[in-house]
Structure formats: C-alpha cells, structure tokens
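# Structure assessment
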Amino acid sequence: MAEIPLTMPKMSMTMEEGTITEWQVAAGDRIAKGDVVAVVMTDKVDMEVESPAAGVVGELLRAEGDVVPVGGRIAMITSEEEDLLGDLFDGGGDADADEDAVAEVDAVAGAASGEDPAPADDPAPAADPAPAADPASQGPPPPAVPLARTLARDHGLDLRAIAPTGPHGTVRVKDVKEAIAATGAQRGDGRTAQDEPPQDAAAQGVVDQSAVDQGTVDQGAVDQGTVADGTAAGAAGSAAPVVEASPEELLGTARERRTRVLTARAMATTPLIPQFAAFRRMDLSTLARARTGVLQGVSWTTLLLRAYSLLLRGNDQLNGSWAGDGVKHNPTVDVVLAVDTPGGLLVPVLREPDQLPIRELDGRIREISRAAKEGSVDPALFGPATGTVSNLGGLGVDRFTALISPPQATALSIGTVGFAPVVEPDGTVTGRMGCELGLSVDHRVADGADAARALQRIQDLLDDPLHLAL
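Here we summarise the structure given alongside this text. Source: prediction; values computed, not measured.

### Topic: the pairing of strand β2 (residues 17-23)
- Along β2, five of the seven residues are buried, which leaves the element largely enclosed by surrounding structure.
- Relative to strand β7 (residues 67-69), β2 is paired through three bridges, and the arrangement is antiparallel. Within β7, the position partnered with E17 by the bridge is P69.
- Here β2 runs beside strand β4 (residues 36-42); their pairing, made up of four bridges, is antiparallel. Following the sheet pairing, E22 is matched in β4 by V39.

Structure follows, in structure tokens:
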C-alpha cells in the first residue's frame, strides 16, 4: 500500500496559494481516481480538486478555511496504486515545507545538479580588474520559481541580492515582492535608488521644477502632478501603512476577505508606476446609429473594448512593457476585463479580442461576466495581460481613473454612455450621444502627446462602425 500525498494544485498561471472552502470527503472514505475531494478558492474562483488515485482517505491535513501554498499537502490517500510521484513533494514531513514545490522543482533540481537553472541576469564580468563587489552579487543566481525570476527582471532586481525563503534556498515570489516594496531596496548593481543619476528621475516620472521653469517638461506631466518640487514626489516604493486587527474585527466572510487580500496584493504594485491619465469625451453618435442596424444588440462595453484592443494592436509602444532600458514589445493583445461581482473584483483576460468576430466577442464578454458573478470563471482566463478595461458607466460614474497593473502600460476607463449638450459650430446647442474615456499611461513607456493621439485613434475607430464590426 502506498501513502500518496494530495497537494494543493496549481490551477492558474498566477496562483500561489489556495483556500480550502469545503471538504467533500472525510478520513476513512473510499474514493475512486478522479473523485472530487475538496473545493478550493483560488484567484477568487472556486475550483474542484480531484483525487489522483483510487484508495482510502487516510488523513485530512488541513481544515476548511486554511490557506495552503501551491504544492503544500492537504490530505493523504492510502492506495494500492503505484505512487508515481514518489517522494517528489516530501519536505521532511512538514506540510509547510512543501510550499511552492510544484513551481520550484525544476529550480531545485538544477541547483542539486550544479546546473544554472536560468541565465545570469547580468553579462559576464569583463576580464579587466574591477573593484571588489558585494559577495551577495557574485556567482550564479540562486534557484527561483519562474514568476519570481520574471518579477525580478521586470523590476531590475538581481536574484543574488534577494534572501531566499523557499526550500533548498529557492527564491519565491513573495521574496521578490518584499524586495520590490522595501524602501530604498538594494539593486542588483549595488546601487540604491538614491544613487541613480539625475536623468533616471525623468524615467521614473519625477521631473525637477527647474526643468518646468525652462519649459523643457511635457505639460502633461505638470497637469498630472508628477513634477517634483526639488524632492521625490512621494515614496512610491514605500509600503502602504496597515493597521493591526483581530479576525473578529475584519469585515465580511472568509471568502470576501480572501478576495480583498488578492485585490490588495495586485494593487500594491501600482504606486511603483509613474502614471498619468488623459481624458476625452467621445462622440458616439455614428456608432449609436449603427447599433440600431448592423451592430444591434452589441453592448457598448464590447464596442469600446474592441476599439481599445485595435488601438493596442496598432501601437507597439502602448502595447509594450517597461523593461528598465526601454520598452519591450508584446506580440499579443490580451485585455483584462474588470468585472464587479458580489464577492469582489474579478479580472479575467480576453485573449486577442481584436481578432474575434464582433458578435462572438460580445457573446464571450457576456459569458465571462456571467461566470464571474457566479464565481465559476475558468482559471485559465486569469494571467498576464497587456491592457485593462474598466467600465463604471453602468453604475452612474461619468469619469474615473483606472490604475495600471504591471507589466501593462495602459488602462482604459469607461464612463456613463448617454446624451450630453454640445455647442455646434454655428452656436446652437444639441444633444449628442457620447461618453468619457480615460486612458492611464505608464509615463516611462509614453508621454502625454502619445495618450492624446491614442484617444484620437479610438475616436476614429468609433466613427468607423464597419471597421469595428469586421
């Protein structure tokens, strides 16, 4: 008889941990391979966990409500089937030691064999003598989970300067996030933020007031409040203050609190982006007429998301990501659709929405929104994206700023669609269908004029319903 551990599965690209919301078996129950044994909440969606083998449930290692990292043991199954996984997840008998084991197995194996699990972040040192470097930055980088390597690279951090907390000295995602959030975090090249040359301040969206006085600063930066008065305008890298509270003092159910924690984690990185927003009221009169004919039944959200995705498809810069030394081109267009649900905000991703027929896209948006409100979205729909669309118009909001989530460079906010008075060239006042769009832009990637041209491009697309319908 084999004792097979049942571990927390990785159900999506971004999943790091899951919450056991319901056990559907008890110790001593006989189960078949593929039977549902538990329901797990991850990425704000409930998913069923199936048994990997037939046998008897030996022990439930975690209780309902427990948060378990990916790869952590949640139960043991006694089975006559061969345990093909062997002791892959054996962390010395401690369930917590299995944390991140699935994502880390390749990195750990590479470290054990003496192989470098990933290319070095920095080029090989020159042959010429150089001043002694910090020992932490010498030698090959430590093993790290893939997402941790990506985050470190995107934020210019050297893995060798980050203290690992994972099994076998593996750098975990939370290690990198803590390094990013730390005030004055040490960079991989041994410099702190205070050591950066003056020109890097402009790259971070902070401009010296003297430059404004000389007229050499983009006015959009002044209007958006990103100009410094001789000091850094806010500590973007500082962690936001939190208060201490007991579980009894927290609002909402365990599920609702879990959703808020996930949202808070995602939003905590947005202050690190020097971003601004440009607003423009869009003329929707031509598109409104088309919605009585060829586009009848297609929602405003679908049409505006379609125009935004077409903008990104034709603009490599705005569809890019800041890579430290320039803008990285993203070959695909993947747009997050922010969905309000009874349990909190969900952010499923629409892949290549500009390449779907308009009615197929409309049906997909409606289905994803319905599933999100029911908490049954496919976890595969959560992951990296190149832009975000948020629509509060249906809730009566005319104008708001959508925050950018790295590594995205833009986010589009949609206000209420309706008639508003417009003064015509001859001085007469008429009512015209429209809405206000806000385009938030990473100032490292693009400037105010780029945002203005982007909004004009969206207006051009809205004036061409046939282009949107194709």
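There's plenty left to go through after this.
### A short note on the sheet that holds strand β5 (residues 45-50)
- The four strands are arranged β5-β4-β2-β7 in an open sheet whose pairing can be described as antiparallel. At either end of the open sheet lies a strand with only one pairing partner, and these are β5 and β7. Each strand axis lies, on average, 40° off the axis of its neighbour in the sheet, ignoring direction.
- Sitting on the sheet, helix α7 (residues 254-267) touches β2, β4, β5 and β7, and the angle it makes with β2 is about 170°.

### Some words on the environment of V37
- Along the chain, the position of V37 falls in strand β4.
- Residue V37 is classed as buried on the basis of its relative accessible area of 2%.
- Residues V37 and S51, spaced 14 residues apart in sequence, show a C-alpha to C-alpha distance of 6.3 Å.

What counts, and where the lines are drawn
Residues numbered from 1 in each chain as written. Predicted model: local features only at pLDDT ≥ 70, side-chain atom pairs only at ≥ 80, totals over all residues. Heavy atoms only, no water. Buried < 20%, exposed > 50% of the residue type's maximum accessible area, 1.4 Å probe, protein only. Helix = DSSP H or I, 4+ residues; strand = E, 2+ residues; numbered from the N terminus. Pairing = 2+ DSSP bridges. Axes fitted to C-alpha atoms, helices over the stretch in contact; angles between N-to-C directions. Contact = heavy atoms within 4.5 Å.

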